[in-house]
Amino acid sequence: MAITASAPVGFAPEEFLATTLARLILDPAAPPARHIAVGAASPIPAAACFLVKTLGHEARLSLLHKTSGNPFSEGTRELFDLTGQGRIDLFFLGGGEIDGEANINLIGTGEWPGSEARFPGSFGSAFMYLMTPRTILFREEHSPRVLVPRVAFVSAPGISPPGHFRRGTAQALVTGRAVFAFDGRRFTLASCHPGQTPAEIAAQTGFAYETPPEIPETPPPTPAELALLRGPVCAEMRATYPGFCARVWGR
Amino acid sequence: MAGALSPDDLAARVPDGALIALPPDNSLGSVALTLALIRRRARGLRLFCVPVGGFLADLLIGAGCVAEIETSAVSLGEAGTAPRFTAALAAGTLIVRDATCPAIHTALQAAEKGVPFMPLRGVLGSDVLAHRPDWRVIDNPFAAEPDPILLIPAVRPDFALFHAALADEAGNVWVGRRRELATMAHAARDSLVSVERRISGDMLEDERLAPGVISGAYVTGIAQAARGAAPLALLDEYPAETTVLRDYARAARSAEGFAAFLEQRLMPAHEPA
């Protein structure tokens, strides 16, 4: 991942990205995040949510794949029922491809349903993206292969026409190189991670986006945030994401 | 209730071409019944993954048992992509019907209620919908303003196949809080269940067990299979054998590697009784 080579020493890229996501969760301009759901195989978003909680913010956090103490008593179907009612405020989605209209593609490329490359499939994205007031898009790989002018297939659209029931869309896209804000129509480069330049990001991004004259650097984790990640956040995550905790925190 | 049926006895009841509902890998999938279907050389099966497929679907596809799969995704989770699914799709030997998780649940909920369809929010604008001629968008008849909404037709699987922790003398099985399995069983014509253990009595008489029970009214066959979910997890009874799943993901990249893994790593532990 891109920030590995040039990041200041002292924290892991995963810690940096979790902190970045946590700050987006806490963005006061965004709709409140009282109940956050985290999908399968999403340890960095999960770490971000636990960091928000351990920072003292009231938030209910539902990890879909928590092996013990899973939040649902009606099976995974309950997540979609909760979301259908508007009881889930924030969800994370990724994509094999993501384009400038915040469309995501989890299907594949080539002929339907993925004759060139096949991704896993859409999971619940076609529902969650429209029914959740806000979504944070997260994909570590930031390359023209992933961030494309137009996705080959739309698993879930970033923009819906008037008259289509929709509660919200992407708040932002976080990658291994940068943060983009989404205003419902277009992405704007919001910050570059340490070691990245706007020119390099432009070269690695296949879709068009707004570039303000001044681009701040994505702020690094504070010592207090790092202490929380390495202590209580790791302790919360170990049962569900043992491989991740061993790799990042060595425990 | 029938006496000592084996997974192979239950697999023998599943004809070629049957529509089979399977749970996801983390939720009481029956490896014992899956291997029994492979042993009986089932062909032309149509899988309905509730709501995603993984190890079980990949095994059946790799063994040549599957003609079609309807699913919201196929993945081995942390072990990576599902190699035989991916290979069959690339070879054009598998019909893949992409869905999205809540649509799968909705199709079964319609079937368990005995109604022909149920509405579902979201999904509009997704290419998943564009490739589903069997799904319909109507205008919400109760809204004052135009309000397009998706209708999902009921799906009644021929069989629901899964593993349960307990079976009792009354033919009930216990799956705990995984209630989407109950919906699957309610919707399917027949439910064939491998179980970890048998207990005496009737779990529906026990207020603490009853909420996790699927009534014997839906269960048409039970086979004893200790560790019948392994190498997948069974609730809090045993964890997934992640090294086995990783080895599988690696070995099954080739058809030969798949065949060898099946024979050497999976079948010896599950010989027919």
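This structure is a prediction, so every number in the text was calculated from the model and none was measured.

Asker: I'm lost on the domain arrangement of chain B in this one. Help?
Answerer: All names here are of chain B. Splitting chain B by domain gives domain 1 (7-100 + 156-263) and domain 2 (117-153). The gap between the C-alpha centroids of domain 1 and domain 2 is 30 Å. With 5 residues of domain 1 in contact, the opposing surface of domain 2 contributes 4 residues. Summing both sides of the interface, domain 1 and domain 2 together bury roughly 360 Å²; the carbon and sulfur share of this comes to 63%. For the pair domain 1 and domain 2, the interface holds 1 salt bridge.

Asker: Mind showing me how you'd approach the pattern of salt bridges here?
Answerer: Charged atoms that come close allow side chains of opposite charge to pair. Residue and element names in this part refer to chain B. By the definition in use, this model includes 25 salt bridges over all chains. For Asp247, the salt bridge is made with Arg250, and the minimal N-O distance between the two is 3.5 Å. In this pair, Asp247 and Arg250 are both assigned in helix 8 (residues 242-251), 3 residues apart and thus about one turn of the helix distant. Asp247 sits in the partly exposed class, given a relative accessible area of 25%. Each of Arg46, Asp158, Arg189 and Asp190 takes part in salt bridges that share partners, so that together they form one network.

Asker: Looking at this model, I keep getting lost on the sheet that holds strand 5 (residues 117-120) of chain B. Mind explaining?
Answerer: Strands pair in a sheet through their backbones, by hydrogen bonds, and they do so in one of two ways: parallel or antiparallel. Residue and element names in this part refer to chain B. Here 3 strands make up an open sheet; going across it, the order is 5-7-6 and the pairing antiparallel. Bordering the open sheet on either side are strand 5 and strand 6 (136-139), each of which pairs with just one other strand. Neighbour-to-neighbour, the strand axes of this sheet turn through a mean angle of 40 degrees, independent of strand direction. Looking at chain direction, strand 6 and strand 7 (residues 148-153) are connected through 4 bridges and run antiparallel. Residue pairing in the sheet places Val137 in a bridge with Leu150 of strand 7. Docked against the sheet, helix 5 (residues 101-113) engages strand 5 and strand 7, running at close to 145 degrees with respect to strand 5.

Asker: Looking at this model, I keep getting lost on the interface of chain A and chain B. Mind explaining?
Answerer: For interface size, the figure often reported is the accessible area lost on association. Across the contact, 35 residues belong to chain A and 36 residues belong to chain B. Both sides of the chain A and chain B interface together cover about 3000 Å² of buried area, and 59% of this is carbon and sulfur. For the pair chain A and chain B, the number of links is 1 salt bridge. For Arg118 of chain A, the salt bridge is made with Asp98 of chain B, and the minimal N-O distance between the two is 2.8 Å.

Asker: Would you explain helix 4 (residues 83-91) of chain B in this entry?
Answerer: Given 3.6 residues per helical turn, the α-helix brings residues three or four places apart onto the same face. For helix 4 of chain B, the set of buried residues is Pro83, Arg84, Phe85, Ala88 and Leu89 of chain B. On its buried face, helix 4 of chain B is in contact with strand 7 (117-118) of chain A together with helix 3 (55-62), strand 3 (66-71), strand 4 (95-98), helix 8 and helix 9 (255-266) of chain B. Taken from the residues just after helix 4 of chain B, Gly92 of chain B is the one with a positive phi, measuring 75 degrees.

Asker: Whenever I open this one, the pairing of strand 1 (residues 35-38) of chain A confuses me. Can you help?
Answerer: Two faces, one strand: in a regular strand the side chains alternate between the faces of the sheet. All names here are of chain A. Side chains His35 and Ala37 of strand 1 all project onto a buried face; the interleaved residues Ile36 and Val38 project onto the opposite face, where all are buried too. As paired strands, strand 1 and strand 2 (residues 60-63) are joined by 4 bridges and run parallel to one another. Bridge pairing in strand 2 links Ala37 to Ser62. Taking the sense of rotation as the criterion, the β-α-β connection linking strand 1, helix 3 (residues 43-54) and strand 2 turns out right-handed.

Asker: Can you help me understand the confidence of the model for chain A in this one?
Answerer: In regions of low pLDDT, the predicted coordinates are not meant to be interpreted in detail. Of the residues in chain A, 95% reach a pLDDT of 70 or more, and the chain-wide mean stands at 92. Overall, residues 4-8 of chain A carries pLDDT values under 50, and its contacts beyond four positions in sequence, including any with other chains, amount to 4 contacts.

Asker: I tried to follow the packing of aromatic side chains on my own but got confused; where do I start?
Answerer: The way to describe two aromatic rings as a pair is by their centre distance and the angle between their planes. Residue and element names in this part refer to chain A. Applying the stated criterion across every chain yields a total of 13 aromatic pairs over all chains. Ring plane angle 75 degrees and centroid distance 5.0 Å describe the contact between Phe180 and Tyr209, whose orientation is recorded as edge-to-face. Of this pair, Phe180 sits in strand 11 (residues 178-182) while Tyr209 sits in the loop between helix 6 (198-204) and helix 7 (223-237), and the two are 29 residues apart along the sequence. Neither Phe180 nor Tyr209 differs from the other in exposure class; each is buried. Ring centres of Phe182 and Phe187 lie 4.8 Å apart, and the angle between their planes is 50 degrees; on these two criteria the pair is classed as tilted. The same class applies to Phe182 and to Phe187, which are both buried.

Asker: I would appreciate a short explanation of the side chain of Ser27 of chain B in the present structure.
Answerer: Residue placement: Ser27 of chain B occurs in the loop between strand 1 (19-22) and helix 2 (31-39). For Ser27 of chain B, the contacting residues outside a window of four places in its chain are Arg178, Glu180 and Leu181 of chain B.

Rules used in this analysis
The residue numbering used here restarts from 1 in each chain and proceeds along that chain's sequence as written. Key to labels: chains lettered from A, ligands numbered from 1, both in the order written. With the structure being a predicted model, the display of local features is reserved for residues of pLDDT at least 70 and the display and counting of side-chain atom pairs for 80 or more, all residues being used for whole-chain, interface and lining totals. For the side-chain quantities, the full set of heavy atoms in the structure was used; hydrogens and water were omitted. In this entry, domain limits derive from an automatic or database-based domain assignment. The contact criterion used throughout is that any non-hydrogen atoms of two residues lie within 4.5 Å. Using a 1.4 Å probe, buried area is obtained as the accessible area two parts lose upon being combined, added over both of them. One speaks of a salt bridge when a side-chain nitrogen belonging to Lys or Arg is within 4 Å of a carboxyl oxygen belonging to Asp or Glu. Only DSSP runs of H or I reaching four residues or more are called helices, and only runs of E reaching two or more are called strands; each is numbered from the N terminus. Burial classes: relative accessible area under 20% of the type maximum marks a residue as buried, over 50% as exposed, and values in between as partly exposed (1.4 Å probe, protein chains only). Strands are treated as partners if at least two bridges between them are detected by DSSP. For helices, the axis comes from a line fit to the C-alpha atoms of the stretch in contact; other axes are also lines fit to C-alpha atoms, and the angle between any two N-to-C directions lies between 0 and 180 degrees. A clockwise path from the first strand over the helix to the second, with the strands pointing away from the viewer, defines a right-handed crossover. By definition, pLDDT measures how confident the predictor is in each residue, and it falls between 0 and 100. Only Phe, Tyr and Trp rings take part, Trp by its six-membered ring, and two of them pair if their centres are within 6.5 Å. Stacked means planes under 30 degrees apart, edge-to-face means over 60, and tilted covers everything else.

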